[in-house]
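# Survey of secondary and tertiary structure
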Amino acid sequence: MTEKMTADVVVVGSGAGGSTVAGELAARGLTVIVLEAGPQKFSPLGTHVRNVYSSEAELAKVGDVIYGEMLVNPSHEPDAFEAAPNWKVSHATGGMFALWMGNCPMPDDSELPDFMPRADWQPYFDRADSLMHIDPQGGGSGAMFEVLLDRTRRALGARPAGREIRPMPVAARRVNGVFKICAADDMLYRDAEPPNTLTVLPDLIAVEVLTEGRKAVGVRAKGREDGGEVVVSAGAVVVSGGTVGSPKLLKASKLEHRPALGAYIHEHACIGSRVTLKPDIRDLIRDDEPVYSIWVPASGEKPWQNQLCRFTLSSDGNRLAPGIREVDTSDIFTFVKIDARPENSLNLSDTETDPFGLPQASPSYAHSRDDAERIGLAMAEHFQIAAEVGEVNAGWTPSLYAAGGSTHFMGSCRWGAQDDGASVVDRDGAVWGADGLFVADNSVIGTPNSGNPTFMTVAQSLRTVDRVVSA
Ligand SMILES: Cc1cc2nc3c(=O)[nH]c(=O)nc-3n(C[C@H](O)[C@H](O)[C@H](O)COP(=O)(O)OP(=O)(O)OC[C@H]3O[C@@H](n4cnc5c(N)ncnc54)[C@H](O)[C@@H]3O)c2cc1C
């Protein structure tokens, strides 16, 4: 038997895009139903795993939960993507937004689409900044941090105005004295009791967007455990299944938008390394030295972002030299912009289905010659930072992560200025050729970038809300 429900808007997915859209629409008085393929793992619904295991002693547990339990192959396929073996997702309430690190670099002008300049973004950036509780000084403070900041500046020299080296803005705050990373619970409920206009239904896989002519009128879903069918009728549908989930659902619904659907996928190539800090810096480390994060912003001239931080999730005592503690080391990450090209594509099968019953996906993904050149230049800067702050003479090993390692794949339902076959949605996230159908998540970001994308996804999702409300 089919269970029938109605709402003003049905949202598919409860991650960064979905929770932003649903929370904002509910706050404006619309009735909203969110369908989430995964279970509710933590309470409150959608909260960050670090907010559950919040003490310093539980830090290692957070890494175990994220990498050992939460990050899985898309749709729980048994095999990883061959061309992007590190491409993982989270199928649980909050999606990957319940696992993220909260880094929120402000995008450079060169990372914005040319048909949407900064003035078109600023109101949404401001709103995202406030809803996400972004702390511009969240990257750190203290004597050791100041020295690291200084040395990073010395290593790399002057940067363009507005793109100076500084603490990384972080979406986190203290609530009742406890550090709280922004996650889906903040976006859905805004520190208040869940509004009765908002219903989040875990364990329901959306399998089809229902249409009448060109108008989206609802979503058909099936229970993850029991296969029971649920149909939600709504005046508008927002698909926020992430860069793999959203194009799958559009394809399953025969809303294909060839050739753009699934094409032009991009992430930033990710270079990572760890250095033992120089002795004079180690002398400044306090016993309770908190985690820190220094941001070297990307710019048009240098389209890569460097970050010097203590990335607790990659802690590995086995890699430490004798007598060196975790806090004596620093991680360096460099995200390098990769061109968006149609041949880098998430290919969606016409015939084979995945464990969710949606079209099977397999990416084609490779770096171009230009990408490789850029990675080489960025690698040189990465080394300059390592050599300035760390003991590289004792040996130092950088690595280029396998594709997907950034956790930031984007672009499979990319935005565009016109319906010219190279985009799936318009500037507001409205699907070309359909009425009442929107996409709001990382899949929409069609312009290559070097900075962590979630801040932009939240800002763009707020733009989509304005369009849904005005439609
Ligand atoms: C360890 C880690 C650290 C990170 N750190 C940062 C950081 O510091 N800064 C940053 O900007 N980003 C970071 N990210 C990336 C960030 O988490 C993502 O950019 C963001 O969550 C993407 O939002 P989204 O809405 O596109 O997808 P998600 O947040 O992944 O949400 C998609 C949701 O849709 C659901 N779904 C999919 N298909 C269906 C369907 N058919 N029916 C129902 N539900 C469906 C999924 O189960 C999932 O819950 C990090 C990620 C990880 C894993």
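Worth saying up front: this structure is predicted, and the values here are computed from it rather than measured. (Residues numbered from 1 in each chain as written. Predicted model: local features only at pLDDT ≥ 70, side-chain atom pairs only at ≥ 80, totals over all residues. Heavy atoms only, no water.)

## Thoughts on the overall build of the protein
When you go through the protein residue by residue, the secondary structure sums to 10 helices and 20 strands. Relative to all contacts within the protein whose residues are 6 or more apart in sequence, the contacts with residues 24 or more apart total 73%. (Helix = DSSP H or I, 4+ residues; strand = E, 2+ residues; numbered from the N terminus. Contact = heavy atoms within 4.5 Å.)

## Focus: the pattern of salt bridges
As a working rule, side chains carrying opposite charge can pair if their charged atoms are close by. Scanning the entire structure with this criterion turns up 34 salt bridges. With a closest N to O distance of 3.1 Å, Arg274 and Asp331 form a salt bridge. Separated by 57 residues along the polypeptide, Arg274 in strand β13 (residues 269–276) and Asp331 in strand β16 (residues 329–336) bring together distant segments of the chain. When sorted by exposure, Arg274 lands in the same class as Asp331, which is buried. Each of Glu24, Arg28, Arg127, Arg190 and Asp466 takes part in one network of salt bridges that share partners. (Salt bridge = Lys/Arg side-chain N within 4 Å of Asp/Glu carboxyl O. Buried < 20%, exposed > 50% of the residue type's maximum accessible area, 1.4 Å probe, protein only.)

## What to know about the nonpolar core
Core analysis: the biggest nonpolar cluster contains 105 residues, and Leu35, Trp87, Met132, Leu250 and Leu437 have the highest contact counts within it. Composition of this core by domain shows at least three residues from each of domain 1 (1–132 + 182–266 + 342–365 + 407–471) and domain 2 (139–170 + 269–336 + 367–402). With residues near it in sequence (within four places) discarded, Trp87 still touches Pro74, Phe81, Thr243, Val244, Ile265, Leu346, Pro363, Ala403, Gly404 and Phe409. If you look at the next biggest cluster of nonpolar residues, it comprises 22 residues, including Leu148, Ala155, Ile281 and Ala386. (Core = buried A, V, L, I, M, F, W, Y, C linked by side-chain atoms within 4.5 Å. Domains from an automatic or database assignment.)

## Let's talk about the pairing of strand β15 (residues 304–309)
With six of six residues buried, β15 is to be regarded as a mostly interior element. The alternating pattern of β15 places Trp304, Asn306 and Leu308 on one face and Gln305, Gln307 and Cys309 on the opposite face, and all of these are buried. Judged from the four bridges that link them, strand β14 (residues 293–296) and β15 form a sheet pairing that is antiparallel. Note that in β15 the partner of Ile294 across the bridge is Leu308. (Pairing = 2+ DSSP bridges.)

## Describing the packing of aromatic side chains
Here a ring pair, both rings aromatic, is described through the centre-centre distance and the interplanar angle of the planes. In the structure shown here, the tally under the stated rule is 11 aromatic pairs. When the centroid spacing of 5.1 Å and the interplanar angle of 25° are considered together, the rings of Phe125 and Phe455 count as stacked. One end of the pair, Phe125, is in helix α4 (residues 118–131); the other, Phe455, is in helix α10 (residues 454–470), with 330 residues separating them in the sequence. The lysine or arginine in question, Arg414, covers the ring of Tyr264, its NZ or CZ lying 4.0 Å from the ring centre. The residue whose ring lies beneath Arg463 is Trp121, and the NZ or CZ to ring-centre distance is 4.3 Å. (Phe/Tyr/Trp six-rings, centres within 6.5 Å; stacked < 30°, edge-to-face > 60°. Lys NZ or Arg CZ within 6 Å of the ring centre and 35° of its normal.)

## Brief notes about the environment of Val458
Note on placement: Val458 falls in helix α10. Separated by 437 residues in the primary sequence, Val458 and Val21 place their C-alpha atoms 8.4 Å from one another.

## Here we look at the site of the ligand
Around the ligand, 36 residues are found, and the nearest of them are Glu36, His91, Ala206, Asn442 and Thr454. Between the ligand and the protein, one listed contact pairs an oxygen atom with a backbone N or O atom of Ala16 at 3.3 Å. Contact distances for the ligand include 2.8 Å between an oxygen atom and a side-chain N or O atom of His91. Relative to its unbound accessible surface of 1,000 Å², the ligand loses 97% to contact with the protein. (Near = heavy atom within 4 Å. Polar contact = N/O pair within 3.5 Å; in protein donor to acceptor, adjacent residues only side chain to side chain. Areas by Shrake-Rupley, 256 points an atom, 1.4 Å probe, with all protein chains shown as cover.)

## Some remarks on the sheet that holds β13
With antiparallel pairing, the six strands of this open sheet are ordered in space as β6-β14-β15-β16-β13-β19. A strand with exactly one partner marks an edge of an open sheet, and here the two such strands are β6 (166–167) and β19 (399–400). Pairing of β13 with β16, which is carried by eight bridges, proceeds in the antiparallel orientation. Among the inter-strand pairings, Thr276 is bridged to a residue of β16, identified as Thr329. Contacts from helix α5 (residues 143–156) reach β6, β14 and β15 within the one sheet, and its direction differs from that of β14 by about 20°. Each of β13, β15, β16 and β19 touches helix α9 (residues 369–389); the most contacted strand, β13, lies at about 15° to it. (Axes fitted to C-alpha atoms, helices over the stretch in contact; angles between N-to-C directions.)

## Considerations on the sheet that holds strand β5 (residues 134–135)
If you trace the three strands from one edge of the open sheet to the other, you get β5-β7-β8, paired in antiparallel fashion. Both edges of this open sheet fall to β5 and β8 (178–181), since each of them pairs with a single strand only.

## Description of the domain arrangement of the protein
As far as domains go, the protein holds domain 1 (1–132 + 182–266 + 342–365 + 407–471) and domain 2 (139–170 + 269–336 + 367–402). Between domain 1 and domain 2, the C-alpha centre-to-centre distance is 31 Å. Of the residues lining the interface, 22 residues belong to domain 1; the matching set on domain 2 comes to 19 residues. Contact between domain 1 and domain 2 buries roughly 1,600 Å² in total, counting both sides, with carbon and sulfur atoms accounting for 58%. (Buried area = accessible area lost by both parts, 1.4 Å probe.)

## Quick notes on the packing of helix α1 (residues 16–27) against α10
At a minimum axis distance of 9 Å, the contact between α1 and α10 shows a crossing angle of 40°. As judged from the angle between their axes, α1 and α10 are oblique. Relative to α10, the crossing made by α1 is right-handed. Residues Ala16, Gly17, Thr20, Val21, Glu24 and Leu25 of α1 lie in contact with α10, whose contacting residues are Thr454, Thr457, Val458, Ser461, Leu462, Val465, Val468 and Val469. (Parallel < 35°, antiparallel > 145°, perpendicular 65-115°, else oblique. Left-handed = near helix turned anticlockwise from the far one by under 90°.)

## Observations regarding the pairing of strand β1 (residues 3–12)
Bridge count between β1 and strand β12 (residues 229–239): nine bridges; the pairing is parallel. Counterpart to Val10 in the pairing with β12 is Val237. Pairing geometry for β1 and strand β2 (residues 32–35), over four bridges, is parallel. What sits directly across from Val10, in β2, is Ile33. On the question of chirality, the crossover connecting β1 to the parallel β2 by way of α1 is right-handed. (Right-handed = clockwise from strand over helix to strand, strands pointing away.)

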